[in-house]
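What follows is the residue order along each chain.
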Amino acid sequence: MPKFNFKKSRNRLEGLVNQLTQPSQPAPNVPDSLCVPCPGCEVMLFTSELAENLNVCPQCGHHFRLSAPQRIQLICDAGSFTPWDEGLASKDPLQFPGYAAKLRHSRLKTGGTEEVLCGAGSIAGTACAVFAMDQDFMMGSMGSVVGEKITRLFERATRERLPVVGFTLSGGARMQEGILSLMQMAKTSGAVKYHSEAGLLYITVLTDPTTGGVTASFGMEGDILLAEPGALIGFAGPRVIEQTMRQKLPKGFQKAEFLLEKGFLDAVIPRKRLKATLAHILRLHREEEPHADGSV
Amino acid sequence: MPMEAYEILQTARDTARPSGKQFIRKLCTDFIELRGDRRFGDDHAIIGGIGRLAGMPVTVIAQERGEDLNDRARRNFGSPHPEGYRKALRLMKQAEKFRRPVLCLVDTSGAYSGIAAEERGQGQAIAENLMEMMVLKVPIITVVLGEGGSGGALALAVANQVWMLENSVYSVISPEGCATILWKNAARVKEASAALHITPEDLLALGAVEKIIPEVPAGRVFDNLKAELAKTFTALKALTPEELCGQRYQRFRQYGVYAEG
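Residues numbered from 1 in each chain as written. Chains lettered and ligands numbered in written order. Predicted model: local features only at pLDDT ≥ 70, side-chain atom pairs only at ≥ 80, totals over all residues. Heavy atoms only, no water.

J.: Would you explain the overall build of chain A in this entry?
T.: In terms of regular secondary structure, chain A is built from 10 helices and 10 strands. Relative to its full complement of 296 residues, chain A shows a buried share of 54%. Taking the intrachain contacts of chain A between residues at least 6 apart in sequence as the baseline, contacts between residues at least 24 apart amount to 67%. Of the roughly 13,100 Å² of accessible surface on chain A, 53% is carried by carbon and sulfur atoms. (Helix = DSSP H or I, 4+ residues; strand = E, 2+ residues; numbered from the N terminus. Buried < 20%, exposed > 50% of the residue type's maximum accessible area, 1.4 Å probe, protein only. Contact = heavy atoms within 4.5 Å. Areas by Shrake-Rupley, 256 points an atom, 1.4 Å probe, with all protein chains shown as cover.)

J.: Mind showing me how you'd approach the environment of B:Gly48 here?
T.: Residue and element names in this part refer to chain B. Within the secondary structure, Gly48 is located in strand β2 (residues 46-53). Along the backbone, Gly48 and Phe222 are 174 residues apart, and their C-alpha atoms lie at a distance of 19 Å. Dropping the residues within four chain positions of it, Gly48 is found in contact with Phe31, Ile32, Glu33, Leu34, Val60, Ile61 and Leu91.

J.: Would you explain the nonpolar core in this entry?
T.: Note that soluble globular proteins tend to have their nonpolar side chains buried in a common cluster. Membership of the largest hydrophobic core comes to 87 residues, with the highest contact counts inside it found for A:Phe131, A:Phe218 and B:Tyr170. The biggest single contributor to this core is helix α6 (residues 178-197) of chain A, with 8 residues. The next biggest cluster of nonpolar side chains, apart from the first, holds 26 residues, and it includes B:Leu27, B:Val143, B:Ile213 and B:Leu225. (Core = buried A, V, L, I, M, F, W, Y, C linked by side-chain atoms within 4.5 Å.)

J.: Whenever I open this one, helix α8 (residues 175-183) of chain B confuses me. Can you help?
T.: Helical geometry note: an α-helix holds 3.6 residues per turn, so side chains three or four residues apart project in the same direction. All names here are of chain B. Buried residues of α8: Pro175, Gly177, Cys178, Ala179 and Trp183, and no others. Looking at the buried side of α8, the elements it contacts are α1 (5-13) and α9 (189-195). Looking at the residues trailing α8, positive phi occurs at Lys184, about 55°.

J.: Which parts of the structure should I look at to understand the sheet that holds strand β10 (residues 267-268) of chain A?
T.: Each strand in a sheet pairs with its neighbour through backbone hydrogen bonds, running either in the same direction (parallel) or in the opposite one (antiparallel). Residue and element names in this part refer to chain A. Spatially, 7 strands are ordered β3-β5-β6-β7-β8-β9-β10 in an open sheet, and the strand pairing comes out mixed. Looking along the sheet, the strands with just one partner apiece sit at the ends: β3 (82-84) and β10. Bridge analysis of strand β7 (residues 164-170) against strand β8 (residues 202-210) gives 6 bridges, and the strand direction is parallel. Pairing of Val164 across the sheet is with Tyr202, part of β8. Where helix α3 (residues 68-75) meets the sheet, its contacts fall on β5 (116-123), β6 (126-133), β7 and β8, and the angle it forms with β6 comes to roughly 155°. The strands touched by helix α5 (residues 144-159) are β3, β5, β6, β7 and β8; relative to β6, the strand with the most contacts, the crossing angle is about 170°. (Pairing = 2+ DSSP bridges. Axes fitted to C-alpha atoms, helices over the stretch in contact; angles between N-to-C directions.)

J.: Looking at this structure, I do not really get helix α6 (residues 122-134) of chain B. What am I missing?
T.: Residue and element names in this part refer to chain B. End to end, α6 covers 19 Å across 13 residues, agreeing with the expected 18 Å (1.5 Å per residue, within 8%). With respect to burial, α6 is a largely interior element, 12 of its 13 residues being buried. Within the span of α6, buried status applies to Gln122, Gly123, Gln124, Ala125, Ile126, Ala127, Asn129, Leu130, Met131, Glu132, Met133 and Met134. (Expected span 1.5 Å × (residues − 1).)

J.: Any chance you could explain the environment of A:Thr151 here in plain terms?
T.: Residues and elements named next belong to chain A. Mapping Thr151 onto the fold places it in helix α5. Placed 120 residues apart in sequence, Thr151 and Arg271 show a C-alpha to C-alpha distance of 27 Å. For Thr151, the side chain forms a polar contact with the main-chain oxygen of Gly147, separated by 2.6 Å. (Polar contact = N/O pair within 3.5 Å; in protein donor to acceptor, adjacent residues only side chain to side chain.)

J.: Any chance you could explain the interface of chain A and chain B here in plain terms?
T.: Accessible area lost upon the coming together of the parts is a frequently used measure of interface size. Counting residues at the interface gives 54 residues for chain A and 49 residues for chain B. Together, the buried faces of chain A and chain B total about 4,500 Å²; carbon and sulfur atoms form 72% of this surface. Linking chain A with chain B are 4 salt bridges, by the criterion used here. A salt bridge links B:Glu132 to A:Lys193; the shortest N-O distance between them is 2.9 Å. The interface formed by chain A and chain B holds 17 residue pairs in polar contact (both at pLDDT 80 or more) in total. For the side of chain A that touches chain B, the elements supplying multiple residues, two or more each, are β4 (88-90), α5, α6, α8 (238-245) and α9 (256-262) of chain A. The leading source of residues in the side of chain A that touches chain B is α6(A), at 17 residues. Broken down by class, the residue content of the side of chain A that touches chain B amounts to 30 nonpolar, 15 polar and 9 charged. Sheet analysis places β4(A) next to strand β9 (residues 258-260) of chain B, joined by 3 bridges and oriented antiparallel. (Buried area = accessible area lost by both parts, 1.4 Å probe. Salt bridge = Lys/Arg side-chain N within 4 Å of Asp/Glu carboxyl O. Nonpolar A, V, L, I, M, F, W, Y, C, P; charged D, E, K, R; others polar.)

This is the structure we're talking about:
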């Protein structure tokens, strides 16, 4: 199979396909066309087939990125999710050049939701606080809104004695908010710490890509750290490291499997097994066993 | 006329500026360096130890850029690896055990971005410091001496108070990095320096720091700083561990500007 530019061919294909058909249900982060090439193995995949397979390539196992609502849908019991703090929206505290326009553009793109979806839901019957970050809003970068929503989520989960299950995805800090963005790392870490000191469980699922300030705060602070196969996870991004080191990075560097080998993750879990794995871990941490015979 | 952000940035980075080591010498008596993270190695980009500040035993943790060319190379120009942050945390926990206040001196362009740093968990090491510093039961004061570069600075700055020298900066990203990423043009560094609000005056206005330490007259800066530190540590020592941790949590809890719909 010849190598080809994923983006270029995708755009061309989308153009062709969109003339023929209107996609009935656009799935975020998977192009709204009949077929997409897999970035992992370059095989052309039917989007319907991909969606049925949880947006994992049936050929090579490449995990396509999911939107925050798709994440919630994947792991929460049907109809159990209630969003928290939906009304929080970014401002432009430093009047940073171009930021206000960028915010407007991102809101149009996502239909109003910001970079992280928070709320309560149940996973195989266990009540949890849940968060999922979204790439469509400025690449899940952490500014005041992410910091505040995550902090509120942990504070509320501490009060209500709920475990937290969170999906991280972030390009790093929201530099347009300057130091306020950096401070969110400390703020969220404090809330995670108090949740932890209350004896409550926090499971982090690191998804592609999780970098920068999120990795160096609530991304790496879970009691149990899981990741999706092939997810890029790091503090510095690969391009920054290449510039610093002036050398090419080894294959697989900063991928989930690499971090597992280095001792920084508990397990790499394919999407298909994720809900069952989360349910298993949550059951092992239930404060009271519902049945005297030990079954749950 | 006040100095522009870019001028302050350049002054903050001046290699002729006193480094962490010199501040330790001038601020402390009886200093003894304590090395190693007990896990992997000893990071020379961070110096830790115990000394007396105005007679009071304190744990000091300082980022050190190095004093001459050889020293700078040995200290990786002040960019720590994970073992540096783990050494810092080890010494902070030790300070807690012996009820000593902690003084952190920040001077780094950032946590090192390299293969080894990633392999040994740079993100995890910083994250752990943020969590553990938040609940440390002794007073912590952080002073930014020169450059306070992003997460690599914050990992020593979850403090009860954060101060800055008059010609220092504290930023979420280097202005060069910001200009490169946002505008694909590193030459727009002056503009980025201003836009990011990195100067002591800017940060005081945003409530991100409590105090600016004047650098004139030059001969007085160490004595002034020492007197301010002794006074503030004494006041903080009067607080209970719960009050100290509560104050620190609230200090960081308030940061953020957003609309509530």
